[in-house]
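# Tertiary structure, described
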Amino acid sequence: MAEQIKTIGVLTSGGDAPGMNAAIRAVVRTGLQKGVEVKGIKRGYAGLLAEEIIDLNRNSVSEIIDKGGTILGTARCMEFVTEEGQKKGAEVCRKFGIDGIVVIGGDGSYRGAQALSKQGINTIGIPGTIDLDIACTDYTIGFDTAINTAMEAIDKVRDTSSSHERCSIIEVMGRNAGYIALWCGVANGAEDILLPENYDYNEQTIINNIIQNRKRGKKHHIIINAEGIGHSTSMARRIEAATGIETRATILGYMQRGGSPTCKDRFYASIMGSYAADILCQGKTNRVVAYSHGEFVDYDIDEALAMKKGIPEYEYEVSKILSK
């Protein structure tokens, strides 16, 4: 089966995440070590359709492991959602002699890989998203860096919030998943943590909590608000009107996507990249690399996309106890 793979393509798709470059580097160097050629596909599926394909060698991926973002670039591509776009993508792969593709991205990127597999192109997915919202894996590339970036920013906001004796609502990323909010809420000692998976939209509970804490002598009140809930600015206005306490909203935004990846993100991304190249050269297709129960494994993409993931109940309960 290994002899069938002569050229590997690698692309990054969807939102960028710190550590993607480490994964690209690992795919390239592992592939070359196995005697296959490696091509980089720029701007994700959009670049594939536009034939933005380059040769990659060991020097191409030198000194990138510490860089945030992705050297290949990334983009959304609505055309690739269509069957016509998927067929065109497979034709481009065949035109450039690409036998298999490693796709680094989130669940939307996996659906693209799944489509290419159905068109006869061997595909392997690697979880690259800061949101930690892929059900089949305990780790996704970029999450560790993102939570550390957010944690440091929240610490700084708390300093000024305490100085001015105000309430601060800090909105973190995560789309419809609350993992970044949960981790930062616990790590930053927030008084309230709002998660899409658990929030009941009862602002009166938050207001009562703020008033009680102020009576107990608290000089600040930190609310970590997940992106999936949003509306932090209007929430701040309502809370200030109800409590009489100065309330400000801070939306951390895309700063959480950037920056030099942590050691954990570099290491895990490197192992996942090598693993993907290994199983691709073994002839596997339509698979997703994952880290589960302390081991690097792979799942069928169809199976992975069907899995569901929620906030662990015990972790959520602990977060509530520690915030009081």
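Cut-off values and rules
- One numbering rule holds for all chains: residues counted from 1, following each sequence as written.
- A pLDDT threshold of at least 70 governs which residues receive local features in this predicted model, and a stricter bar of 80 or more applies before side-chain atom pairs are shown or counted, although totals over entire chains, interfaces and linings include all residues.
- Side-chain calculation: all heavy atoms of the structure are included, whereas hydrogens and water are not.
- Relative accessibility thresholds used throughout: buried, under 20% of the residue-type maximum; exposed, over 50%; partly exposed, between the two (1.4 Å probe, protein chains only).
- To qualify as a helix, a DSSP run of H or I must reach at least 4 residues; to qualify as a strand, a run of E must reach at least 2; elements of each kind are numbered from the N terminus.
- At least two DSSP bridges between two strands are required for those strands to pair.
- By definition, the crossover connecting two strands over a helix is right-handed if that path, from the first strand to the second, turns clockwise as seen with the strands pointing away from the viewer.
- Side-chain rings of Phe, Tyr and Trp (the six-membered ring for Trp) are treated as a pair once their centres are within 6.5 Å; stacked means planes under 30 degrees apart, edge-to-face means over 60, and tilted covers the remaining angles.
- Two limits define a charge over a ring: the Lys NZ or Arg CZ must be within 6 Å of the ring centre, and within 35 degrees of the ring normal.

## Observations concerning the pairing of strand S1 (residues 7–12)
- Counting buried positions along S1 gives 6 out of 6 residues, so the element sits mostly inside the fold.
- Burial of the side chains of S1 extends over both faces: Thr7, Gly9 and Leu11 are buried on one face and Ile8, Val10 and Thr12 on the other.
- The pairing of S1 with strand S2 (residues 37–41) spans 5 bridges and is classified as parallel. Along S2, the bridge assignment pairs threonine 7 with glutamate 37.
- After leaving S1, the chain enters helix H1 (residues 20–33) and then returns to the sheet as S2, a path that is right-handed.
- Pairing of S1 with strand S4 (residues 100–105), which is carried by 5 bridges, proceeds in the parallel orientation. Residue leucine 11 lies in a different strand from S4, and its bridge partner there is valine 103.

## A closer look at the packing of aromatic side chains
- A complete count under the given rule lists 8 aromatic pairs for this structure.
- Between the aromatic rings of tyrosine 199 and tyrosine 201, the centroid separation amounts to 4.6 Å while the plane-to-plane angle is 45°, which identifies the pairing as tilted.
- Each residue in the set Tyr139, Phe267, Tyr268, Tyr291 and Phe296 is aromatic and connected to the rest through ring pairs, giving one cluster.
- If you follow lysine 264 out to its NZ or CZ, it ends over the ring of tyrosine 268, 5.4 Å from the centre.
- Sitting over the face of the ring of tyrosine 179, lysine 309 holds its NZ or CZ atom 5.0 Å from the ring centroid.

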